[in-house]
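Here is what each chain is made of, one letter per residue.
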Amino acid sequence: MKTAIIGGGAAGFFLAINLKEMLPEMEVTIFERSHKVLSKVEISGGGRCNCTNSFEEVKDLQMVYPRGHRLMKRLFNVFDYRDAFAWFEQHGVPLVTQDDHCVFPEAQDSHVIINCFLSLARRYHIRIVLGKRIESLEEVGDYDFIAVTTGGSPKEEGLSWLTDLGHAIEKTVPSLFTFQVVDEKLTTLMGLVVEQATVMIPGTKLRANGPLLITHWGMSGPAILKLSSYAARLLAENSYRMPLSVRWVERHDTDIEAAISETMSCHSQKQLPSFNPFGLPQRLWSFLLEKSLADRAEIRWYELNKKDVNRLVNTLCNDTYQISGRGTFKDEFVTCGGVSLKSVNPSTLESKTVPHLFFAGEVLDIDGITGGFNFQAAWTTAYTVASAIVAKVS
């Protein structure tokens with residue numbers, strides 16, 4: 001019996017290794033279109049590979065999987081984040097869980113995962129063919145099972161051969177990207193990090209919170225990356241030109257007003273820039289004061305009038321900017337869209353139109369926010385397919 005895996009990424013290797021461990025007599029070949037395998041694993045997480053998440057704060061999978069959460073909930077009964085954690089540790093890759101619930105190799109180096117996969121591939125005699133682009137089933141016609149793990153496709157034409165086989169394709173657009181913001185005064189704050197902010201698309205329910213980084217082209221950081229995932233389709237439909245609202249202080253409006261009133265009373269003689277009651281970075285505090293109060297930004301606290309307070313509260317709670325595009329550094333690693341989940345069996349991920357053809361990883365219309373959730377989807381879907389192929393043979 002032979003299985004062809006089309007795609008040499010994380011899902012492809014994980015599928016191949018688990019298939020060989022479950023069914024040692026199965027011959028497995030990985031076809032990789034580039035001349036290098038696991039390149040996304042190598043650069044992910046700043047070269048450390050955020051391989052999963054503790055899911056400790058995830059109450060609803062829709063929070064972390066904007067697309068595919070129902071299927072992921074189902075497949076977690078087969079292989080979930082706890083199984084992934086145990087799998088890596090059992091295969092010689094100790095892991096650590098950070099305070100933000102992201103899970104990394106203890107070595108803080110993605111190469112330990114790459115080396116693990118390559119070592120196991122050699123041990124199990126998994127054949128790896130580089131520089132081979134497969135675009136039709138005829139090219140792998142002598143294999144008993146075929147699994148497509150090609151990852152996200154920036155252009156839908158890359159999936160046209162699957163459309164020809166009767167599979168529906170959900171429109172593919174980038175996800176997990178930074179925002180360009182045309183605001184010269186804001187970008188003078190480049191390098192500044194706010195540890196907790198909330199970003200929103202006004203007029204929608206789309207919002208995300210977390211650390212926010214100001215860059216020389218606009219905004220980045222986990223809060224922005226999450227929002228880009230939630231709003232991936234909406235932003236694409238609007239050519240990445242939409243308003244953005246930032247809440248700089250994670251406190252209720254009335255609490256912010258109370259803090260301002262207390263400061264006006266207790267620190268009345270101090271100038272506004274010299275006393276910051278909200279713990280914001282000093283450069284940001286001065287920037288927000290100038291944006292709110294213009295030439296009154298240097299007055300003393302006792303001089304604030306009702307209008308000033310309202311403007312300051314509004315800026316702290318609902319500061320608005322204009323998104324003018326995506327980040328230009330190709331920092332998006334994830335594609336939203338792909339093979340429609342309606343085209344696959346939800347229990348096995350086998351094609352509904354082509355028997356013995358399976359899908360795993362990002363080629364499916366499943367994608368998550370930043371934090372290890374996309375790799376977890378790769379492990380879960382790959383393990384599901386390996387188990388399904390074994391069940392067919394048995």
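What follows concerns the overall build of the protein chain. Helix and strand counts for the protein chain stand at 13 helices and 16 strands. Sorting the 394 residues of the protein chain into buried and exposed places 53% on the buried side. A sequence separation of at least 24 residues applies to 75% of the contacts in the protein chain between residues at least 6 apart. Positive and negative side-chain charges in the protein chain, numbering 40 and 45 respectively, have mean positions lying 3 Å apart.

A few words now on the pairing of strand S11 (residues 207–214). Side-chain positions along a regular strand alternate between the two faces of the sheet. Of the pairings in the sheet, the one linking strand S10 (residues 193–200) to S11 comprises six bridges and is antiparallel in character. From the neighbouring strand, Ala197 faces S11, where its bridge partner is Gly210. Counting the residues between successive antiparallel strands, the hairpin from S10 to S11 contains six residues, one of them, Gly203, with a positive phi of roughly 85 degrees. Sheet topology places S11 next to strand S12 (residues 218–220); two bridges connect them, and they run antiparallel. Residue Leu213 lies in a different strand from S12, and its bridge partner there is Ser220.

A word on the sheet that holds strand S4 (residues 95–97). Spatially, the three strands line up as an open sheet ordered S3-S5-S4, and their pairing is antiparallel. Each of the sheet's edge strands pairs with one partner strand only, and the pair in question is strand S3 (52–53) and S4. Alignment of S4 against strand S5 (residues 102–105), held across three bridges, turns out to be antiparallel. When the sheet's bridge partners are listed, Leu95 is paired in S5 with Pro105. Helix-sheet contacts for helix H4 (residues 81–90) involve S3, S4 and S5, and the interaxial angle to S4 is about 140 degrees.

Here the focus is the environment of Tyr143. Mapped onto the elements, Tyr143 comes out in the loop between strand S6 (127–130) and strand S7 (145–148). Between the alpha carbons of Tyr143 and Glu27 there is a distance of 9.3 Å; along the sequence they are 116 residues apart.

As a further point, take the packing of aromatic side chains. All chains considered together, the criterion is met by 23 aromatic pairs. Centre to centre, the rings of Phe14 and Phe79 are 5.7 Å apart; their planes meet at 65 degrees, and the pair counts as edge-to-face. Highlighted residues: Phe14 in helix H1 (residues 10–22) and Phe79 in the loop between helix H3 (69–75) and H4, separated in sequence by 65 residues. Note on Phe14: relative accessible area 0%, which makes it buried. Residue class for Phe79 comes out buried when judged on its relative accessible area of 4%. Ring geometry for Trp285 versus Trp301: centroids 6.3 Å apart, planes at 15 degrees, classification stacked. Taken together, the residues span a long stretch of sequence, with Trp285 in helix H11 (residues 282–293) and Trp301 in the loop between H11 and helix H12 (306–317) at a distance of 16 residues. Trp301 shares its class with Trp285; the two are buried. These aromatic residues form a ring-pair network of at least three members: Phe13, Phe14, Phe79, Trp87, Phe88, Phe117, Phe375, Trp379 and Tyr383. Taking NZ or CZ as reference, Arg326 lies 5.9 Å from the ring centre of Phe177, over its face. Above the face of the Tyr240 ring, Arg326 is positioned so that its terminal group lies 5.0 Å from the ring centre.

Attention now moves to unusual backbone geometry. The backbone of Leu176 sits at a positive phi, close to 55 degrees, despite the residue not being glycine. Position of Leu176 relative to the elements: it lies in the loop between strand S8 (169–175) and strand S9 (179–181). Leu176 sits in the buried class, given a relative accessible area of 8%. We note that His356 has phi near 70 degrees; this positive angle belongs to a residue other than glycine.

All right, on to the pattern of salt bridges then. Taken as a whole and judged by the stated rule, the model has twelve salt bridges. In this structure, Arg82 and Asp80 form a salt bridge, with 2.5 Å as the shortest nitrogen-oxygen distance. On the basis of relative accessibility, which here comes to 54%, the residue Arg82 falls in the exposed class. Note on Asp80: relative accessible area 6%, which makes it buried. In this structure, Glu290 engages Lys185 in a salt bridge whose closest nitrogen and oxygen atoms are separated by 3.6 Å. With a gap of 105 residues between them, Glu290 in helix H11 and Lys185 in helix H7 (residues 184–187) connect regions that are remote in the sequence. Residue classification places Lys185 among the exposed residues on the basis of a relative accessible area of 53%.

The rules we used
Every chain is numbered independently, its residues counted from 1 as its sequence is written. Residues qualify for local features only when their pLDDT is at least 70, as the model is predicted, and side-chain atom pairs are given and counted only at 80 or more; totals for whole chains, interfaces and linings, by contrast, use all residues. As a convention, hydrogens and water are excluded, and side-chain values are obtained from all of the structure's heavy atoms. Helix and strand assignments come from DSSP, with helices taken as H or I runs of at least 4 residues and strands as E runs of at least 2, each series counted from the N terminus. Only protein chains enter the accessibility calculation, which uses a 1.4 Å probe. A residue is then buried if its area is under 20% of the maximum for its type, exposed if over 50%, and partly exposed in between. In this description, contact between two residues means that some pair of their heavy atoms is separated by no more than 4.5 Å. Just so you know, the count uses Lys and Arg for positive and Asp and Glu for negative, and it drops His and the chain ends. For charged residues, the charge sits on one atom: NZ in Lys, CZ in Arg, CG in Asp, CD in Glu. Two strands pair if DSSP finds at least two bridges between them. Angular values range over 0 to 180 degrees, each being the angle between N-to-C directions of two axes fitted as lines to C-alpha atoms, with helices fitted over their stretch in contact. Aromatic contacts are taken between Phe, Tyr and Trp rings whose centres are within 6.5 Å, Trp giving its six-membered ring; a plane angle under 30 degrees counts as stacked, one over 60 as edge-to-face, and the others as tilted. Whether a charge sits over a ring comes down to the Lys NZ or Arg CZ being within 6 Å of the ring centre and within 35 degrees of the ring normal. The rule for a salt bridge is simple: a side-chain nitrogen of Lys or Arg has to be within 4 Å of a carboxyl oxygen of Asp or Glu.

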